[in-house]
Amino acid sequence: MTRSVTSPRFGAAHALAMGYDPERYFRRRANEGETFAVGLPGLGEVLFASTAAGVREIFGAPATLFSPPTPNPIAPLVGDGSLILLSGERHRRERTLLMPSFHGERMRAYADVMAHAAAEEIESWRPGADIAVRAAAQSITLHIIIRTVFGVSDPARRDEYERVITALMQSYIAPLMFVPALRREVVGLGPWARFVRLRAQFDALLSEQIAERRRTGVDGYDDVLSLLLSATYEDGTSLSDEDLRQELRTLLVAGHETTATSLAWAMYHIHHDDGVRERLVAELAADHSPADVAKLPYLNAICQETLRMHPTVSIVLRRLNGPLTIRGVQRSEGDVVGVAVPALHFDPKVFPEPDTFDPDRFLLRKPTPFEFTPFGGGHRRCVGAAFANFELAVVLATIVKGAELEMSAAERRRGQPRSVPRGIAVLPSREIVLRRLRRS
Ligand code: HEM
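In the annotation of an unreviewed UniProt entry, the protein is listed under the name Cytochrome P450 and assigned to Antrihabitans stalagmiti. Its UniProt record, at the heading Cofactor (unreviewed entry), says of the protein: "heme".

> Would you take a moment to explain the site of the ligand for this structure?
Neighbouring the ligand are 26 residues, the closest being His91, Arg95, Arg318, Gly377 and Cys382. Here an oxygen atom of the ligand sits 2.7 Å away from a polar atom, N or O, in the side chain of Arg95. At a separation of 3.1 Å, an oxygen atom of the ligand approaches a polar side-chain atom of Arg380. Sorting the residues of the shell around the ligand by element identifies helix 5 (88-98), helix 12 (241-272), strand 5 (315-320) and helix 18 (385-402) as the ones contributing at least two each.

> Explain the packing of helix 12 against helix 18 to me, please; I cannot follow it from the model alone.
For any two helices packed against each other, one specifies the crossing angle of their axes together with the interaxial distance. At a minimum axis distance of 10 Å, the contact between helix 12 and helix 18 shows a crossing angle of 40°. In terms of axis orientation, helix 12 runs oblique to helix 18. In this structure, helix 12 meets helix 18 at a crossing whose hand is right-handed. Between helix 12, through Thr259, Ser262, Leu263, Ala266, Met267 and Ile270, and helix 18, the contact on the second element is made entirely by Ala388, Glu391, Leu392, Val395, Leu396, Ile399 and Val400. Taken together, the residues of the contact of helix 12 with helix 18 sort by class into 10 nonpolar, two polar and one charged.

> So what exactly am I meant to see when it comes to helix 5 here?
Given 3.6 residues per turn, any residue in an α-helix points the same way as the ones three and four places further on. Residues His91, Glu94, Arg95, Leu97 and Leu98 constitute the buried set of helix 5. The buried residues of helix 5 occupy an angular sector of 160° when projected down its axis, which confines them to one face. Elements that come into contact with the buried residues of helix 5 comprise helix 11 (224-230) and helix 12.

> What is the right way to read the coordination of the iron atom of the ligand from this model?
Reference values for coordination geometry: four tetrahedral donors around a metal ideally subtend 109.5 degrees, six octahedral donors ideally subtend 90 or 180 degrees. No other protein atom reaches the iron atom of the ligand as a donor apart from Cys382 (SG), found 2.3 Å away. The residue Cys382 is located in the loop between helix 17 (360-364) and helix 18 in this model.

> Where do I start with the pairing of strand 12 (residues 433-436) in this structure?
Successive side chains on a regular strand alternate, one facing one side of the sheet and the next facing the other. Alternating positions in strand 12 separate cleanly, Leu434 and Arg436 being buried on one face and Val433 and Arg435 remaining unburied on the opposite face. Alignment of strand 4 (residues 130-132) against strand 12, held across three bridges, turns out to be antiparallel. Bridging across to strand 12, Asp130 finds its partner in Arg435. Two strands pair when backbone bridges link them, and strand 9 (residues 405-406) and strand 12 are joined in this way by two bridges, in the antiparallel orientation. Each residue of the ladder has a partner; that of Leu405, found in strand 12, is Arg436.

The rules behind these values
Residues numbered from 1 in each chain as written. Predicted model: local features only at pLDDT ≥ 70, side-chain atom pairs only at ≥ 80, totals over all residues. Heavy atoms only, no water. UniProt positions renumbered as here; feature names shortened; annotations may be inferred. Near = heavy atom within 4 Å. Polar contact = N/O pair within 3.5 Å; in protein donor to acceptor, adjacent residues only side chain to side chain. Helix = DSSP H or I, 4+ residues; strand = E, 2+ residues; numbered from the N terminus. Axes fitted to C-alpha atoms, helices over the stretch in contact; angles between N-to-C directions. Parallel < 35°, antiparallel > 145°, perpendicular 65-115°, else oblique. Left-handed = near helix turned anticlockwise from the far one by under 90°. Contact = heavy atoms within 4.5 Å. Nonpolar A, V, L, I, M, F, W, Y, C, P; charged D, E, K, R; others polar. Buried < 20%, exposed > 50% of the residue type's maximum accessible area, 1.4 Å probe, protein only. Arc of directions from axis to C-beta. Donors = N, O, S within 2.8 Å, 3.2 Å for Na, K, Ca; no water. Pairing = 2+ DSSP bridges.

As structure tokens, then:
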């Protein structure tokens, strides 16, 4: 029997509520039942699954049933050949090429770089000074991507990458993202012209790096760029330079803000809850190599609990190539369906007392891939999930061991920030400030 869904919610009030606080909005809509519909600009009515059973019906369906929904506001940043925008056989081929670079075992090779980036950042924190946590997390994650993905280790070159990437990301302002008509140059002036100029500058840096690696050969290099240069498709061909640049931009866009935000939230909770911090400090007391630290159970549980409470990508969408029924509600070819991640992660039947930050829940029970979906799922599950998990653990361990930080009474009084959408991620609505103790 097919069921009807509660009437879709369109209109300014819903768009405002979703933009103001998407987590709260999706949690509230989840009370309506196992599915609910929302009108999203450019995509029409989207049917969301808000329970694990519905998510299983989406992530468990054959890959051929889905395409990524377009238009995608980040297309100009990543390029039309980006994995995020590909579908069908081309998507499968490209993923097969990219995945080995992000295999769990490969991450061990990056552990020292990750720990070093965090240690360098700590050195810049004066004892007694206030630390802007999200800015610090962004700096650390950017240094890690520049070294591990683009293969840049020379400090002067790294600074140049950092300058161009920061300017590029800032130039892609919300109006350009959501109003395609504004993507026009007027005699080389205006926000679009600035964005296009910066993207060309970034591509020029990548082209130089690709050319250099081709010249020297990739032997002895373990960065993602070198791995992709030597990777071949099943037919023996390899990525063109243009495709390679687009995938490198994709990894930056998909992996930077998302990981930095998760890191900032983890820092918030570790320093908000003294019991959590004390247990973590005790677990880190023994000597571990950066690669081994990532296996520590309580540290990992903190990372998982952070991703549960603050999924930085709050909706995962698919366009249907044919009919699909989700919890008895029928959808047809061309319709868009999705997973409302906060609705799942705050389901009290799966995660009791969902508003409490409680890492122990992940030690007591491992949720299924349909109950806990910070990295999406099915044939499009995040390529960088193992990288992100590893990075979170190594960087948090380095910071907690290397600097004693505290949350001031004023920061505590302000309460937990909301999550607000920005680009593909949702970010804390304000900066989180911690103080480095004088004795540390
Ligand atoms: C905490 C950090 C991260 C979170 C929460 C996150 C989350 C996600 C989510 C929800 C998706 C969509 C999955 C789907 O449609 O089912 C995704 C896709 C993707 N992510 Fe991540 N991600 C993170 C870090 C990274 C990193 C570090 C990289 C690479 C360096 C990365 C690369 C990608 C790519 C390439 C895709 C597209 C996969 C495809 O369409 O086949 N992500 N990510």
